[in-house]
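# Secondary and tertiary structure notes
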Amino acid sequence: AASPERPQVVSHVQQALSYTVFDCKWVPRSARLLCLGSAARGTGLVQLYELHGARLELLREIEKPKPIKCGTFGATSLQQRYLATGDFDGNLNIWNLEAPEIPVYSVKGHKEIINSIDGVGGLGIGEGAPEIVTGSRDGTVKVWDPRQNDTPVANMEPVQGESKRDCWTVAFGNAYNQEERVVCAGYDNGDIKLFDLKTMSLRWETNIKNGVCSVEFDRKDINMNKLVATSLEGKFHVFDMRTQHPTKGFASVSEKAQKSTIWQVRHLPQNRDIFMTSGGSGSLHLWKYEYPAQRSKKDSEGSEMGVAGSVSLLQNVTLSTQPISSLDWSPDKKGLCVCGAFDQTVRVLIVTKLNKI
């Protein structure tokens, strides 16, 4: 039985779609959301919906030549709210949703599908230039400044002789001033790599033994604090990113959430210690991270090492018979969430009692 203080995950609106949805995003400062995906005939679709009480009204449908895998508003201003997308053909496009016929920026970013995209420096969040990072099946991770044409400002690719791995997920972090910025990338073989964009070097790497489906920092615009990585085998790992030990790296705690793939992790924008994971079994799990009494300690050599905290399950709910592949919290309304699943349904959810935790 649910205790009165536990948050509840309530399905508010369900909208059936006639296509496969790969990503869904709230439009900042609005009651609107976007669904991005692939039509049956192999074209790309962007649908813009507005939430009216308990129903979604379709405002606009935009068809594009190639299926669209992922999108972000993270590198745009609140005034423009331009959407950056990655498609199946390796194209990075930026769209003005008011005039979506021709992209305002377009580059053939990768040789193969762009699996993941993230933006930073926009929406009044964080310091530094507006940048977009893309991760692709071609094994490369590239950072783009939309104010510069055609060439990425950073390109992280396998060194000569190293086999290329399918990059499934990318995320920005550590953008707390004009100079600092990192990109975290997760790969199909379980590799997690942390690239420091200030020094243009690989800062840290580890392997979680299973394909990395999603990585996210709890906040992009603060001194690195926590990173969550989810995997194919139903496990996720929370790394404490405050203290990097010279040989052991970052302390972490792992949790087996379910038997199936954890497709995505998204932190609650209004509370960085609460996050939601979405699963291959059509379920959502809401978690809270508890910090340890002390976040670091000295090892026998006198080097600082991190101490991992613990994770507790606040709530879980099964919504679909198919995987929930995308998830996005509203940046403006606490507890409002949208998710897209492979049952060709987009759902708007309300998570209650988040201010009581």
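Everything below is about the structure printed above this text.
Residues numbered from 1 in each chain as written. Predicted model: local features only at pLDDT ≥ 70, side-chain atom pairs only at ≥ 80, totals over all residues. Heavy atoms only, no water.

### Some points on the pattern of salt bridges
- A complete count under the given rule lists 19 salt bridges for this structure.
- We note a salt bridge from R295 to D240, for which the minimum N-O separation is 2.9 Å. Here R295, found in the loop between β24 (283-290) and β25 (296-298), pairs with D240, found in strand β20 (residues 235-240); they are 55 residues apart in sequence, far enough to count as distant.
- Relative accessible area serves as the criterion here: at 22%, R295 is assigned to the partly exposed category.
- The residue K298 makes a salt bridge to E304 at a minimum N-O spacing of 2.6 Å.
- Through salt bridges with shared partners, a single network forms among D218, K226 and D273. (Salt bridge = Lys/Arg side-chain N within 4 Å of Asp/Glu carboxyl O. Helix = DSSP H or I, 4+ residues; strand = E, 2+ residues; numbered from the N terminus. Buried < 20%, exposed > 50% of the residue type's maximum accessible area, 1.4 Å probe, protein only.)

### Description of the layout of surface pockets
- What the second largest pocket holds in volume is close to 350 Å³.
- As for the second largest pocket, its lining consists of 19 residues, of which E157, P158, E162, K193 and F195 are closest to the centre.
- Counting residues per element, the ones that place at least two in the lining of the second largest pocket are β16 (191-196) and β17 (201-207).
- At four residues, β16 tops the list of elements feeding residues into the lining of the second largest pocket.
- When grouped by side-chain class, the residues that make up the lining of the second largest pocket number eight nonpolar, four polar and seven charged. (1 Å grid on protein atoms, 1.4 Å probe; cavity = no way out; pocket = protein on both sides within 12 Å on 5 of 7 lines; lining within 4 Å. Points joined across faces, edges and corners; volume = space filled by probe spheres on them. Nonpolar A, V, L, I, M, F, W, Y, C, P; charged D, E, K, R; others polar.)

### Quick notes on the side chain of D191
- Inspection of the secondary structure puts D191 in strand β16.
- For the buried D191, no salt bridge exists, and the shortest N-O distance to an oppositely charged side chain is 4.4 Å, to K193.
- In terms of polar contacts, D191 uses its side chain to reach the side chain of N207, at 2.8 Å.
- Beyond its immediate chain neighbours, meaning those up to four positions away, D191 contacts A185, G186, T206, N207 and V212. (Lys, Arg positive; Asp, Glu negative; His and termini not counted. Polar contact = N/O pair within 3.5 Å; in protein donor to acceptor, adjacent residues only side chain to side chain. Contact = heavy atoms within 4.5 Å.)

### Focus: the environment of Q264
- Along the chain, the position of Q264 falls in strand β22 (residues 262-268).
- Linking Q264 and G44, residues 220 residues apart in sequence, is a C-alpha distance of 22 Å.

### Thoughts on the sheet that holds strand β10 (residues 114-120)
- With antiparallel pairing, the four strands of this open sheet are ordered in space as β10-β11-β12-β13. The sheet is open, and its two edges are formed by β10 and β13 (154-156), each paired on a single side. Each neighbouring strand pair of the sheet contributes to a mean axis angle of 15 degrees, computed without reference to strand direction.
- Pairing analysis gives three bridges linking strand β12 (residues 141-144) to β13, with the strands arranged antiparallel. Residue pairing for β13: K142 is matched across the bridge by N155. (Pairing = 2+ DSSP bridges. Axes fitted to C-alpha atoms, helices over the stretch in contact; angles between N-to-C directions.)

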